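Survey of secondary and tertiary structure
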Amino acid sequence: MGKPEHGCDCNILHEDVVKMFKKGVTQNKLLLKLADFFHILSDNTRVSILSVLDQNEICVSDLASILNMTKSAVSHQLRVLKDAKLVKSEKKGKEVFYLFLDNHVKNIFEIALAHIMESEND
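Overview of the structure. Computed from a prediction, not measured in an experiment: that's the story for all the values here. Residue numbers run consecutively from 1 along every chain, following the written order of its sequence. Local features in a predicted model are, by the rule used here, given only for residues with pLDDT of at least 70; side-chain atom pairs are given and counted only at 80 or more, and totals for whole chains, interfaces and linings are based on all residues. Excluded from the side-chain calculation are hydrogens and water; included are all heavy atoms of the structure.

Bringing the overall build of the protein into the picture now. Looking only at helices and strands, the protein features 6 helices and 3 strands. Only DSSP runs of H or I reaching four residues or more are called helices, and only runs of E reaching two or more are called strands; each is numbered from the N terminus. Listing the helices and strands of the protein from first to last along the sequence gives α-α-α-β-α-α-β-β-α. Only protein chains enter the accessibility calculation, which uses a 1.4 Å probe; a residue is then buried when its area is under 20% of its type maximum, exposed when over 50%, and partly exposed in between. Classification of the 122 residues of the protein by burial places 20% in the buried group. Counting only contacts in the protein whose residues sit at least 6 apart along the sequence, the fraction spanning at least 24 positions is 47%. As displayed, the protein offers around 9600 Å² of accessible surface, 56% of which is attributable to carbon and sulfur atoms. Every residue pair with non-hydrogen atoms within 4.5 Å of one another is taken to be in contact. Per-residue and other accessible areas follow the Shrake-Rupley method at a 1.4 Å probe size, with only the shown protein chains counted as cover for residues.

The subject of this paragraph is the sheet that holds strand 3 (residues 95–100). By this definition, two strands are paired if DSSP reports at least two bridges between them. What the 3 strands build is an open sheet, ordered 1-3-2; its pairing is antiparallel. In the strand order of this sheet, the two ends are held by strand 1 (58–59) and strand 2 (87–92), each with one partner. Judged from the 2 bridges that link them, strand 1 and strand 3 form a sheet pairing that is antiparallel. Bridge pairing in strand 3 places I58 opposite Y98.

Tracing the backbone through its elements, the reader meets Q77 in helix 5 (residues 71–83). Owing to a relative accessible area of 12%, Q77 belongs among the buried residues under this scheme. Not counting chain neighbours up to four residues away, the residues in contact with Q77 comprise D43, T45, R46 and I49.

Moving on: the packing of helix 3 (residues 44–53) against helix 5. Here helix 3 crosses helix 5 at 80 degrees, and the two axes come no closer than 10 Å. The pairing of helix 3 with helix 5 is recorded here as roughly perpendicular in orientation. The residues of helix 5 that touch helix 3, namely those facing T45, R46, I49 and L50, are V74, Q77, L78, V80 and L81. For the contact of helix 3 with helix 5, the per-class residue count stands at 6 nonpolar, 2 polar and 1 charged. Between N-to-C directions, angles cover 0 to 180 degrees, with each direction set by a line fitted to C-alpha atoms, over the stretch in contact for helices. The labels follow the angle: roughly parallel below 35 degrees, roughly antiparallel above 145, roughly perpendicular from 65 to 115, and oblique for the rest. Residues are grouped as follows: Ala, Val, Leu, Ile, Met, Phe, Trp, Tyr, Cys and Pro are nonpolar; Asp, Glu, Lys and Arg are charged; every other residue, Gly included, is polar.

The residues that make up patches have over 30% relative accessible area and no salt bridge, and they are joined within 9 Å when like-charged or within 5 Å when they are Val, Leu, Ile, Met, Phe, Trp or Tyr. Salt bridges are counted wherever a side-chain nitrogen of Lys or Arg sits within 4 Å of a carboxyl oxygen of Asp or Glu. Together, L31, L34 and F38 line one region of the surface with nonpolar side chains, adding up to about 280 Å² of accessible area. Examined against the element boundaries, L34 turns out to sit in helix 2 (residues 29–40). Assessed through its relative accessible area of 42%, L34 is described here as partly exposed.

Another aspect to go through is the nonpolar core. For the purposes of this section, nonpolar cores are sets of buried Ala, Val, Leu, Ile, Met, Phe, Trp, Tyr and Cys residues that join through side-chain atoms within 4.5 Å. Residues L50, L53, L63, L78, L81, L86 and V87 are the most contacted members of the largest nonpolar core, which totals 19 residues. Counting residues per element, this core draws most heavily on helix 3, at 4 residues. For V87, the contacting residues outside a window of four places in its chain are L50, L53, L78, L81, K82, Y98, L99, F100 and L101.

Here you go:
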């Protein structure tokens, strides 16, 4: 029988490495926030909204039309994205437009999308 493709086939514990990381990983609030961040992105509707925002800022009515959803349903998802600090709104006259909060969020979305597209070609 061959070696496992993934994993370690040894019984040696590298205690210095384990001690160095164990406490930090299990108690790090930033990692919990990171998990929440990716959880927000796990919804197809929210990812669809972000894909539109990746191209252009947009208002709720236009988003609702593009996604074939009610304005209320789109507004709910935008609120989730806004509360998670992924998008922001800007009022222009009587209209409210939504866009990425900043380039960090836009870059994360674009890098993840590029990764998926490259994986599809493998």
